[in-house]
Amino acid sequence: LTTVVRTCAAMSLLAKIAEIESEMARTQKNKATAHHLGLLKARLAKLRRELITPKGGSGGGTGEGFDVAKTGDARIGFVGFPSVGKSTLLSNLAGVYSEVAAYEFTTLTTVPGVIRYKGAKIQLLDLPGIIEGAKDGKGRGRQVIAVARTCNLILIVLDVLKPLGHKKLIEHELEGFGIRLNKRPPNIGFKKKDKGGINFTATCAQSELDAETVKSILAEYKIHNADITLRSDSTADDLIDVVEGNRVYIPCIYVLNKIDQISIEELDVIYKVPHCVPISAHHRWNFDDLLEKIWDYLHLVRIYTKPKGQLPDYTAPVVLPDGRTAVEDFCLKIHKNLIKEFKYALVWGSSVKHNPQKVGKDHVMEDEDVIQLVKK
């Protein structure tokens, strides 16, 4: 019975969403309707969130587990329609560069393996069934997306002969789940308060949002007391993203497969498209270019260790994510008790003024630095 009730609720939510979408399509975009459109967008975002995270307890179980243990230094999700060559690409990538590839390949959860590149272990995940209406709660979409949200990079695999339609559909699905591709978080300050109404400040000229629209969008979320600071020219969507607060910003590369079926002239055009890498999974063409681009987009930092009185170990770097490369982060990555015994560190490399330099735990390191820890 609960399943029936839940299905009915989902159907009515879908109907409401369709209704709002059709109204937005009918409404002309101009200054007079901007306020109304902003309201509709906020309502839409709320309904979308209800679809992905149903209200009420966890009744009826959560379905069989669909979680993949995070291994390695970074995680890459492969997204694409069936038969664009995702599996070929994965097995060729993981087969050529990987240590492990003997997994049960199932259609539900696939961990095709780990590749080692420039000393970093990178986990590759095939994300199946993300496409057809996943954001409306169909299929195993929800669990797949939960995994997609934890990826450090998403590769959208497209067929070079029909790329644009697929690209739009996939982006639309991922956007519906609060995944923003190749975007920076909007520069909007948002702080809830207990009293004092809506305090709205814009530090630069706004083309879309004004105090009235902001108030009505916040009212839709039942927020009547807050400080809002717009530090860049923002849209209603940006504001909704900030208020919802559950958006993830993930870099993305578009992989155009099957380039063996097009001419050189077309290939030249494709090369000029941003965030794109043309490859042929079957013939293993241009994999080195793809791996190089993956490395650029992951922003990983390699730190080499040097035991006292020995040469640095250049074979097994400690890999840290960009933005968390202080000596303290390095210690925590190795073992959480290491920081308690930490006295100081000696660092060689581009982050210090002279080699070696004695540094404390707050020193921020750069790619390919060498470090030697001195304990108490």
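Only a predicted model underlies this, so the values are computations on that prediction, with no experimental measurement involved.

Moving on to the packing of aromatic side chains. For the structure on display, the rule yields 2 aromatic pairs. On the numbers, 6.1 Å between centres and 70° between planes, the contact of Y117 with W295 is edge-to-face. Note that Y117 is positioned in strand β3 (residues 110-117) and W295 in helix α9 (residues 287-298), a separation of 178 residues in sequence. Each member of the pair, Y117 together with W295, is buried. Measuring from ring centre to ring centre gives 4.8 Å for Y304 and Y314, while their planes differ by 75°; the resulting arrangement is edge-to-face.

A separate point is the pairing of strand β4 (residues 120-126). Across the 7 residues of β4, 6 count as buried, placing the element largely inside the fold. Here strand β1 (residues 74-79) runs beside β4; their pairing, made up of 5 bridges, is parallel. In the strand pairing of β4, F78 is matched with D126.

Okay, the sheet that holds strand β8 (residues 198-202) next. Spatially, the 3 strands line up as an open sheet ordered β7-β9-β8, and their pairing is mixed. If you trace the sheet from one side to the other, it starts and ends with β7 (188-192) and β8, each paired once. In this sheet, adjacent strand axes meet at a mean angle of 5° when their direction is disregarded. Alignment of β8 against strand β9 (residues 226-230), held across 5 bridges, turns out to be parallel. The residue bridging A202 from the neighbouring strand is L230, located in β9. Packed onto the sheet, helix α7 (residues 236-244) meets β7 and β9 and runs at close to 40° relative to β7.

Further remarks concern unusual backbone geometry. The phi dihedral of H275 falls on the positive side, at around 60°, and the residue is not glycine. Inspection of the secondary structure puts H275 in the loop between α8 (264-271) and β12 (276-278). On the basis of relative accessible area, H275 is assigned to the partly exposed category, the value being 29%. The backbone of E368 shows a phi angle near 65°, a positive value even though the residue is not glycine.

Moving on, we come to helix α6 (residues 211-220). If you check which residues of α6 are buried, you get T213, V214, S216, I217, L218 and E220. K222 sits one or two positions beyond α6 and adopts a positive phi of about 55°.

It is worth spelling out the sheet that holds strand β17 (residues 369-375) at this point. Two modes of strand pairing occur in sheets, parallel and antiparallel, and in both the strands are linked by backbone hydrogen bonds. An order of β14-β13-β17-β15-β16 is seen for the 5 strands of this open sheet, with the pairing classed as mixed. The sheet terminates laterally at β14 (313-321) and β16 (357-359), the two strands that pair on one side only. The average undirected angle you get between the axes of adjacent strands in this sheet is 40°. Bridge count for strand β13 (residues 300-305) against β17 is 3 bridges, and the pairing is parallel. Residue pairing in the sheet places I303 in a bridge with D369 of β17. Sheet strands in contact with helix α10 (residues 327-334) are β13, β14, β15 (342-348), β16 and β17, and its direction is about 110° off that of β14.

What follows deals with the pattern of salt bridges. Applying the stated criterion across every chain yields a total of 7 salt bridges. Between R247 and D241 there is a salt bridge, with the nearest N and O atoms lying 2.7 Å from each other. No difference in accessibility class separates R247 from D241, as the two residues are buried. Here E368 ties to R302 by a salt bridge, and the two come within 3.3 Å at their closest N and O atoms. Note that E368 is positioned in the loop between β16 and β17 and R302 in strand β13, a separation of 66 residues in sequence. In this structure E368 comes out as partly exposed when scored by relative accessible area, which is 41%. For R302, a relative accessible area of 9% translates into the label buried. Through salt bridges with shared partners, one network takes in R180, D241 and R247.

Cut-offs applied
- Residues numbered from 1 in each chain as written.
- Predicted model: local features only at pLDDT ≥ 70, side-chain atom pairs only at ≥ 80, totals over all residues.
- Heavy atoms only, no water.
- Phe/Tyr/Trp six-rings, centres within 6.5 Å; stacked < 30°, edge-to-face > 60°.
- Helix = DSSP H or I, 4+ residues; strand = E, 2+ residues; numbered from the N terminus.
- Buried < 20%, exposed > 50% of the residue type's maximum accessible area, 1.4 Å probe, protein only.
- Pairing = 2+ DSSP bridges.
- Axes fitted to C-alpha atoms, helices over the stretch in contact; angles between N-to-C directions.
- Contact = heavy atoms within 4.5 Å.
- Salt bridge = Lys/Arg side-chain N within 4 Å of Asp/Glu carboxyl O.

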